[in-house]
Amino acid sequence: GLFTDEAGMLKDLLRDSPTLAKLLDGTPLRNSRVSTGRIALEGHRLCMMLMEQPALFKADKVLLGASNGGVGLMNRFLTVATATMPDSSLLHYAVLTGDVKYRYRQRVQQLLEKSVAHVVLQQSVRPTLVLTAEAQTCLLQFGNDMRQHQNPASPYSRISEYTARHVERVLRLAGALHVFEHGLEGKVSLDTVLAADSIGRRCMEAFYQLTY
């Protein structure tokens, strides 16, 4: 885990975007040196959250690959642009109720403990989630929609590499939503996939505004 409130400390890390892209995708990462021999990292998954001020983001767009061509690290991210900070007095009302906050904290704690146990017990096989038939059909339709957006006549053709990964981002988010709500039980429902798609399309619009 790496946490910092100074984004400048991560510049060197962002410059190695091909490696970060492999970590995000879960692609096996291999290294070979005379001193250590061959090393392989498999079954991993990187989760990354990056918050930057507008001027810093403009400077980092190249490192993140926020354009067609290149590694395209940012094409794997759900992207959002925040507005100006609301009046501090309004923030007082933007809170969870006591009961919801307690249940949220309990759920997060449960999931963290399961993740730690997975590592400690050295379980090599990750659990697999399955979509319902309706959700699978819907996901295929999303893929068709995104191909339409890649048409040169579409305004979104300028971010064609980002739209091409929309289904991938939706699937990942739908899985996260399902696990948070239901754990590993049952199948990922159509409603969950639709919710993830709604968020994903907002992120696509945000990406378009940020980059163009």
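Residues numbered from 1 in each chain as written. Predicted model: local features only at pLDDT ≥ 70, side-chain atom pairs only at ≥ 80, totals over all residues. Heavy atoms only, no water.

## Focus on the pattern of salt bridges
Line of reasoning, step 1. Applying the stated criterion across every chain, the model contains 7 salt bridges.
Line of reasoning, step 2. The closest approach of N and O atoms between D25 and R76, which form a salt bridge, is 2.9 Å. Of this pair, D25 sits in helix α2 (residues 17-25) while R76 sits in the loop between α3 (54-64) and α4 (88-91), placing them 51 residues apart in sequence.
Line of reasoning, step 3. D25 sits in the partly exposed class, given a relative accessible area of 28%.
Line of reasoning, step 4. Its relative accessible area of 8% is what places R76 among the buried residues.
Line of reasoning, step 5. Between R103 and D99 there is a salt bridge, and its shortest N-O distance comes to 3.2 Å. Here R103 pairs with D99, and both are found in helix α5 (residues 98-120), just 4 residues apart, close to one helical turn.
Line of reasoning, step 6. Among the residues examined, D99 registers a relative accessible area of 47% and is labelled partly exposed. (Salt bridge = Lys/Arg side-chain N within 4 Å of Asp/Glu carboxyl O. Helix = DSSP H or I, 4+ residues; strand = E, 2+ residues; numbered from the N terminus. Buried < 20%, exposed > 50% of the residue type's maximum accessible area, 1.4 Å probe, protein only.)

## Quick word on the packing of α5 against helix α8 (residues 166-182)
Line of reasoning, step 1. Running from N to C, α5 and α8 point in directions that differ by 110°, and their axes come no closer than 10 Å. Relative to α8, the element α5 is oriented roughly perpendicular. Touching Y104, R107, V108 and L111 of α5 are V179, F180, E181 and H182, all from α8.
Line of reasoning, step 2. Classifying every residue of the contact of α5 with α8 gives 5 nonpolar, 1 polar and 2 charged. (Axes fitted to C-alpha atoms, helices over the stretch in contact; angles between N-to-C directions. Parallel < 35°, antiparallel > 145°, perpendicular 65-115°, else oblique. Contact = heavy atoms within 4.5 Å. Nonpolar A, V, L, I, M, F, W, Y, C, P; charged D, E, K, R; others polar.)

## Here's the deal with the packing of α8 against helix α9 (residues 190-211)
Line of reasoning, step 1. At their nearest, the axes of α8 and α9 sit 8 Å apart, and the two run at 130° to each other. Relative to α9, α8 is oriented oblique. Handedness of the crossing formed by α8 with α9: right-handed. Contact residues: H166, V170, L173, A174, L177 and H178 in α8; T192, V193, A196, D197, I199, G200 and R201 in α9.
Line of reasoning, step 2. Tallied by class, the residues present in the contact of α8 with α9 amount to 7 nonpolar, 4 polar and 2 charged. (Left-handed = near helix turned anticlockwise from the far one by under 90°.)

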